[in-house]
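# Architecture and fold: a report
The lines below spell out each chain.
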Amino acid sequence: EAGVVQSPRYKIIEKKQPVAFWCNPISGHNTLYWYRQNLGQGPELLIRYENEEAVDDSQLPKDRFSAERLKGVDSTLKIQPAELGDSAVYLCASSPTEGYNEQFFGPGTRLTVL
Amino acid sequence: AQSVTQLGSHVSVSEGALVLLRCNYSSSVPPYLFWYVQYPNQGLQLLLKYTSAATLVKGINGFEAEFKKSETSFHLTKPSAHMSDAAEYFCAVRRTDSWGKLQFGAGTQVVVTP
């Protein structure tokens, strides 16, 4: 069984540029999560989807971040424009259902904003 | 509100020695507790979880953790460290009445010396 797939793995951009991250969850997993992990810290939830519905986006900085999960399968997280403080690892995770007691994580996208 | 505190951002152990990683939590309702491991440039992998069954939980790779309600702790141990245990370890908590949202600690980096 394939795991959570994320691309790109690394991205370097200049500030004020847009950037997008893509995630394909494990097949059949209805719940999808985006986390941000700053250097030396644990992951922090940005947004959680149940199928195509964003059920928790309270931590998503909506002035510059957006996300979508069309058709309830893969998802895209976008930042526009990027700021220096956005440099972090962006992790995607999925689980079979909301509240299932294990989240399966992808390898992450390491973003560097110059 | 809930939070997780991991004592010690870095731990160095000798190969064959006991590994002990400390985690304390606060939660206003009974929690579910998790330990994840993150190898360099990889996503997080679940080591073990406590979901209100047995208080001593055994996980993968020889790790185990004990839930102590009176001490609000969920420390991770392994009797004999192996070189392959070098990684970062994260403790996480989820409220039993909150679907999906994990609160992570800041992580403990484990270094194993020969």
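Keep in mind it's a predicted model, so treat the numbers as computed, not measured.

The rules behind each value
- Residues numbered from 1 in each chain as written.
- Chains lettered and ligands numbered in written order.
- Predicted model: local features only at pLDDT ≥ 70, side-chain atom pairs only at ≥ 80, totals over all residues.
- Heavy atoms only, no water.
- Salt bridge = Lys/Arg side-chain N within 4 Å of Asp/Glu carboxyl O.
- Helix = DSSP H or I, 4+ residues; strand = E, 2+ residues; numbered from the N terminus.
- Buried < 20%, exposed > 50% of the residue type's maximum accessible area, 1.4 Å probe, protein only.
- Pairing = 2+ DSSP bridges.
- Polar contact = N/O pair within 3.5 Å; in protein donor to acceptor, adjacent residues only side chain to side chain.
- Core = buried A, V, L, I, M, F, W, Y, C linked by side-chain atoms within 4.5 Å.
- Contact = heavy atoms within 4.5 Å.

## Topic: the pattern of salt bridges
A complete count under the given rule lists five salt bridges over all chains for this structure. Here Arg64(A) ties to Asp86(A) by a salt bridge, and the two come within 2.6 Å at their closest N and O atoms. Of this pair, Arg64(A) sits in the loop between β6 (53-56) and β7 (65-68) while Asp86(A) sits in the loop between β8 (75-79) and β9 (88-95), placing them 22 residues apart in sequence. Asp86(A) shares its class with Arg64(A); the two are buried. For Lys58(B), the salt bridge is made with Glu64(B), and the minimal N-O distance between the two is 2.7 Å. For Lys58(B), a relative accessible area of 61% corresponds to the exposed category. Judged by relative accessible area, Glu64(B) falls into the partly exposed class, the value being 24%. Each of the salt bridges in this network shares a partner with another, and the network as a whole consists of Arg64(A), Glu83(A) and Asp86(A).

## Observations regarding the pairing of β6(A)
Of the strand pairs in this sheet, strand β5 (residues 44-50) of chain A and β6(A) are connected by three bridges, and their pairing is antiparallel. Bridged to Arg48(A) within β6(A) is Asp56(A).

## Brief notes about the side chain of Lys78(B)
All names here are of chain B. Its location among the elements puts Lys78 in strand β8 (residues 73-78). For Lys78, a relative accessible area of 11% puts it in the buried group. Here Asp85 takes part through its side chain, which lies 2.9 Å from a polar atom of the side chain of Lys78.

## Considering the nonpolar core
Counting residues in each nonpolar core, the largest one holds 27 residues, and the members touching the most others are Leu21(B), Trp35(B), Leu47(B), Leu48(B), Phe74(B), Leu76(B) and Tyr89(B). Contributions of two or more residues to this core are made by β2 (10-14), β3 (19-27), β4 (31-38), β5 (44-50), β7 (64-68), β8, β9 (87-95) and β11 (108-113) of chain B. In contact with Leu47(B), other than residues within four places in its own chain, are Trp35(B), Tyr36(B), Val37(B), Gly59(B), Ile60(B), Asn61(B), Phe63(B), Leu76(B) and Tyr89(B). Residues Phe21(A), Leu32(A), Trp34(A) and Ala82(A) belong to the second largest nonpolar core, which totals 21 residues.

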